[in-house]
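Letter by letter, the chains look like this.
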Amino acid sequence: MGAYVIRRILYAVPVILGVLVLIFLLFFVYAGGAQNIARQVLGEKVRKEAIEEWIAAKGLDKPLWYNPRASGLGRFEETLFYAHMHDMLTLNFGKSWRDGDDILEKILRRAPASLSVAVPTFLAGLGASVFFSLYLAFVRETWIDRFGTVTCVAMMSLSILIYIIAGQALFAIVLRWFPVSGYRPLPLGGRFIALPVLVGTLAGLGGAIRFGRTIMLEEISREYVRAARARGLSESRILGIHVLKNAMIPLLTSAVLSLPLLILGSLLIENFYGIPGLGSMGIEAIQANDFMELRALTFITAVLYQIGLILTDISYTLVDPRLRLR
Amino acid sequence: MSRIDPPGAESTRGLAIENLRVVFDTNEGPAVGADGVTLEVRPGEAVALVGESGCGKTVTGLSILRLLPRPPARIEAGRILFEGDDLLKFSSREMRRLRGGKIAMIFQEPSVSLNPVLTIGFQLKETLALHTGLRGAVAEKRAAELLEEVRIPEPRKRLRSYPHELSGGMQQRVMIALALAGEPELLVADEPTTALDVTIQAEILSLLDDLRARRGMGLLLITHDLSIVARRTSRLYVMYAARIVESGPTEDVLASPRHPYTKALLAAAPSRRRRARGLEVIAGTVPPANRYPSGCRFHPRCPRAHERCSHELPVWEKTGERGTACFYPEPLSEERSVEE
Amino acid sequence: MKGKFARRYFRSNPLFLLAVPLLFGVAGFLLSCGTNPYPREETSGHTYYTSYADPPKHLDPAVSYYSYEATIVDHIYETLYQYHYLKRPYELTPLLAETMPKVIYVKYPDGDRVRYRIRIRDDVLYHEDPCFTVSKEWGGRTRAVRAADFVTAFKRLADPRVPCPIRPILSGVIVGMKGFTEANKDRARTDYDLPLEGVQAPDSRTLEIELLRPYPQIRYWLAMHFTSPIPQEALEYYNGEEGRGTLDRHPVGTGPFRMTEWVRRQRIVLEKNSRYHEECYPSEGEPGDEEAGLLRDAGKRLPLLDRIVLSYEVESIPRWRKFLQGWYDATGLARETFDQVVTKRGELAAPMAVRGVRLHKAVEPAIYYFAFNMNDSVVGGSSRSARKLRQALSAVFDTERFLRIFLNGRGIPAQEIVPPGIFGHQGDTNPFHGRNLALAKRLIREAGYPDGIDPATGRPLVLTFDNAMNNASSRPQLQFIKEQFEALGIRLELRTTDLNTFRSKVRAGNYQIILSGWILDYPDPENVLFLLEGSQSTIPFGGENRANYRNAEYDRLYAKIAEMENGEERFRLIGRMTNLVRRDVPWIPIFFNESYALTHSWCRNFKMAPILNNALKYRDVDPEKRRAYQEKYASPRRAPLFFLLVLLLALPIAGYLSVKRREG
């Protein structure tokens, strides 16, 4: 088991390095060089000297890949690429361009708000989709099943923006169950978290239930289900234990694979509901052309995604005994 | 369509299927899965139901426990009597109590019939709890006993195993142990050895035979393989295209089949070596269940078919212990030797 | 029997064991939430609730530059002068000063200088703050404002380590500011003991500011938070050491409110300053104020509110929805909601009026205009032909229609270049303004282009319109402009580029017509009239006069009004300048921007004042009225939740029944 985890972590290393190179290409090479970046950040009115000064202050005056003016290893070390890789891998994200705050500190400061929305959304989404897909599998091939499937497809075809805006209109304006927007840290801020969590959950539910139902029906048609029935087990026990435990493998995979969507969705959700988390930090960084913050957020997202995948693989082995030995 | 006279339920004990008709509603119209099936398994008796794949023997087996998926399957007519009660009239809860209780069933593929993510112990204890109410350490002990009864070594240890850690033969033994958990009076074994090696096959079959004899439970052995029914079953039913075409004491039927189909089946599977390839030797193919030919359903493939066979359904003809549905049956053994 | 069934059901179905309490738990939580976005333990009292979209970056008055910061900074810090809350045109009145400044002309060997002598009030105390523990007054909690504190403030503006955005402007006016900056540039720390020659405090109640040249506009700078007094104690205490932070985060002012809570992206709370100096609600305003109920609190001590709660709100839709529920007392108007609030005729829509909402409008001190390049050989120059051409173009553009189509009518057609509410606004009509096709056609014929045809080529005259309106949403506007001008028979070529290219073209004087705008820094006509002054020409001086308009008489008049006090003479001279612009048409003034705001019925003394940033000290609320409104428009509708619960509980039953039916 331990060896497996270590090997799995080692597999993630080249992926992370690849992401870092990609980030570098996107932010430093494709963005069109330090001059362009400086103009985007400082605005158009600024004098040339101010731009040069800014570029020097941010250390962007180094060459990209190779420094012919340095000597020895310095030719590679005194480059933007080296600085980028070194900073990222040592979690030295530097200072924000837009307000000069330490980015790692800022991320740590804002992460709790994001987590307080993302974690309940993830759990509620998983729970609700398992419950409803089990239910639809139970009532398969009845009018409830057909109605449920159509509803799921309808729910899938709506954009996240509609959920965000209409969800607020329904729950905060028509029903008036929650505050329209705002944030307070947990545990006092439960009522602020409720609406974004509800909306985030609903937005992902249609697809998740439909996927879950397909998985469940696939499992129901397996021989072991018939054998379990032949032993006299009740349908709800068969679904709730036998089928569910088998279905958890694909369900967990899809849940983790939907994590990036959860993060992406949280950009908009956090922004709209005024949650001061990493999602809205991303939006602000984009608006301010703050490459330093963006690259740190991109990197962290990639790392989190890898961690998620590793955790899924580990959770497989907990659910599926056949994988335990590998 | 003419009706077959049922053999008449002479005892209220054991299983008696009368005139069972099962129809599948498919997109291409209704398909007949079982048509006028009548058979009987007396307590403690081993009975074989033989036929090619798709002939309706598995449908019949599943009908007993009402395990056919509804829809598309629909039982149109007939009765399934067990200890005098018609199972078709049971509520679903009564049916659940019966399944794995008084009637148990095992299947062809033990590797997929066990839940891969649950331990054998869990599955056994769960079944024990359901039918005997045993829980905890008592159930654990009983589960181990059951494994021992089906001759699994180190039963205690095996309880903690997952199905994939066992061989195919061991898995089928576990299935049998699961079936025994509810102390059944009838065991329906649907092709229990088809997926297994030849040597294992014999072991499983003799295990079933022993258990039947020791526990005095009935056994309905559903198989396509005539070679395994001899000496292990006392009576035999042959099915073709959803109908029973011949029945009688196993020894007699094997010695002198009366229906041309039984004869062809015997000729096609004379040895164990060719078991797998089976019935290719019979000319023609089994007709699809939604397009059975008129008259005797075997007539397109029958070497003895007459004009009458193609439009008239042969009635069930009973001669002592034996019965057949053919206008021109093989004569009984003394006549047969003359013919030869 | 039933219990037995249930027990069996639960035993075989562990999910149900979890689901039911979970369901009721969630339902209970949902019922307890409600729409109130404020901490429940908070009693509202005379609290004013509003929102902010951008967390303030700087609270240091020497650094803070943006208007969203000013609404906070200007309630904490105070200046020598302020604008009258009600009077229009905007009028300066003393705040920390006792009277308006006394202007003294001083003769020096190297030329004349102007000295402003200002008498400072002696009854103004700073907010209580730990930085005053060193002082002996008021038990070490606070102290009175002294003239020296203004000197400190000005030294900070000159401090090379303080990123003050207006330093270049004031350095060019105040004696010795440049010198102070230079003298400190090479030191490790700025030495506040070095003198700032032009800003002196002869005694604790007298401040003297000496200018290099007459610059009456200095008074407006004395009404901006940059020049708020800074106590030396705060400067020393909040030096960023020992975890004490900096002045940027710990404002120490004299204003009507003090900051008591600031969670960057959650909320900001300003509490009433209990030691606020004597200041009263004005007892006179402009005509109509009395009828609007704006004088009901005349003479009352300020501030009227107990506290101000600002909530972080990025998006306009949630802000609007919270306003509708009564959680915000006032709001601006977003494009998304404009149609449901304001009718086509610019009045409040009926559903809003029913709720008691009131609509307020105010003209902003800003102008949008077309500028001609006066150096251009076709549209530019002072020749009769070119002038007639520009007049024709001015007389053909339908400003009203432009406003109606593209701005929901939120603006006032500009007949001149001085916005209303600013001294010098003439308020008469411009003969070449608005759509007058007959006049325009006559003018273009007189210009030598009958029906827009250029006699030199025999084809329609081609003019170019350079712009950076390169996003899709601007295309209808461009099309409108084209159609308007082409009604003369000419052709208008649209040259759309990115902002960079556009700016460099304008800087190089390489254009014929552009669209531009200007927001005034302070409410003085000089701040807009200078845009057409000759020495401000972009070519060759690189100034702000993009039209490169050069008219000797205009320049002469400008030089006069720039140094003149408001009065009849100044008004008359500005009128003459206005007429020069109307005749020469270096610009086609289009419109003055108008901003709208909505308030609830419980808001008192709400008058829009785009120039003021300290308006909240005049405002008040009626909490009882607000509570009644929230009760009506924001209390939860709980019945549907029970319906939903019943629906959820009905699921198993419906499922069971339908499965039974399926199995026939």
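For the structure, check the block above.
Residues numbered from 1 in each chain as written. Chains lettered and ligands numbered in written order. Predicted model: local features only at pLDDT ≥ 70, side-chain atom pairs only at ≥ 80, totals over all residues. Heavy atoms only, no water.

The next thing to look at is the interface of chain A and chain C. Contacts between chain A and chain C engage 46 residues on the former and 51 residues on the latter. Of the roughly 4200 Å² buried between chain A and chain C on both sides combined, carbon and sulfur atoms contribute 56%. Counting every contact that joins chain A to chain C gives 1 salt bridge. Between glutamate 284 of chain A and arginine 265 of chain C there is a salt bridge, and its shortest N-O distance comes to 2.7 Å. Applying the counting rule to chain A against chain C returns 20 residue pairs in polar contact (both at pLDDT 80 or more). Going through the elements one at a time, α6 (103-138), α7 (143-156), α8 (160-174), α9 (190-220), α11 (235-257) and α12 (259-273) of chain A are the ones with two or more residues in the side of chain A that touches chain C. Class assignment of the residues belonging to the side of chain A that touches chain C gives a composition of 25 nonpolar, 10 polar and 11 charged. (Contact = heavy atoms within 4.5 Å. Buried area = accessible area lost by both parts, 1.4 Å probe. Salt bridge = Lys/Arg side-chain N within 4 Å of Asp/Glu carboxyl O. Polar contact = N/O pair within 3.5 Å; in protein donor to acceptor, adjacent residues only side chain to side chain. Helix = DSSP H or I, 4+ residues; strand = E, 2+ residues; numbered from the N terminus. Nonpolar A, V, L, I, M, F, W, Y, C, P; charged D, E, K, R; others polar.)

To continue, consider the pattern of salt bridges. Under the counting rule described, the total for this entry stands at 85 salt bridges over all chains. Between arginine 322 of chain B and glutamate 246 of chain B there is a salt bridge whose closest N-O contact spans 2.6 Å. Placement of the pair is arginine 322 of chain B in strand β12 (residues 322-324) and glutamate 246 of chain B in strand β10 (residues 243-249), with a sequence separation of 76 residues. Taken as a pair, arginine 322 of chain B and glutamate 246 of chain B share a single burial class, namely buried. In this structure, the salt-bridge partner of glutamate 182 of chain C is lysine 185 of chain C, at a minimum N-O distance of 3.7 Å. A residue pair is termed a helical-turn pair when its members lie 3 or 4 positions apart in one helix, as glutamate 182 of chain C and lysine 185 of chain C do in helix α6 (residues 177-185) at 3 residues. Through salt bridges that share partners, Arg21, Asp25, Asp35, Arg74, Glu76, Arg243 and Arg297 of chain B make up one connected network. (Buried < 20%, exposed > 50% of the residue type's maximum accessible area, 1.4 Å probe, protein only.)

Time to look at helix α1 (residues 57-64) of chain B. Residues lying three or four places apart along an α-helix face the same way, a consequence of the helix completing one turn every 3.6 residues. Residues and elements named next belong to chain B. Counting buried positions along α1 yields 7 of 8 residues, so the element is predominantly enclosed. Listed as buried for α1 are Lys57, Val59, Thr60, Gly61, Leu62, Ser63 and Ile64. At the C-terminal side of α1, arginine 66 shows a positive phi close to 50 degrees.

We now examine the sheet that holds strand β10 (residues 307-312) of chain C. Hydrogen bonds between backbone atoms are what pair the strands of a sheet, whose relative direction is either parallel or antiparallel. All names here are of chain C. Pairing is mixed across the open sheet formed by 4 strands, whose spatial order is β1-β10-β9-β8. Each edge of the sheet is formed by a strand with only one pairing partner; in this case those strands are β1 (47-52) and β8 (257-263). Neighbour-to-neighbour, the strand axes of the sheet open up by a mean angle of 20 degrees, direction not taken into account. Taken together, the 6 bridges between β8 and strand β9 (residues 267-272) define a ladder with antiparallel strand orientation. Looking at the pairing, valine 263 lines up with arginine 267 of β9. (Pairing = 2+ DSSP bridges. Axes fitted to C-alpha atoms, helices over the stretch in contact; angles between N-to-C directions.)

All names here are of chain B. Among the 7 residues in β10, 7 count as buried, and that is most of the element. Between strand β9 (residues 235-240) and the antiparallel strand that follows it, β10, lie 2 residues; alanine 241 among them carries a positive phi value of about 45 degrees. As judged from the 2 bridges shared by β10 and β12, these two strands associate in the antiparallel manner. Paired with serine 247 across the strands is glycine 323, a residue of β12.

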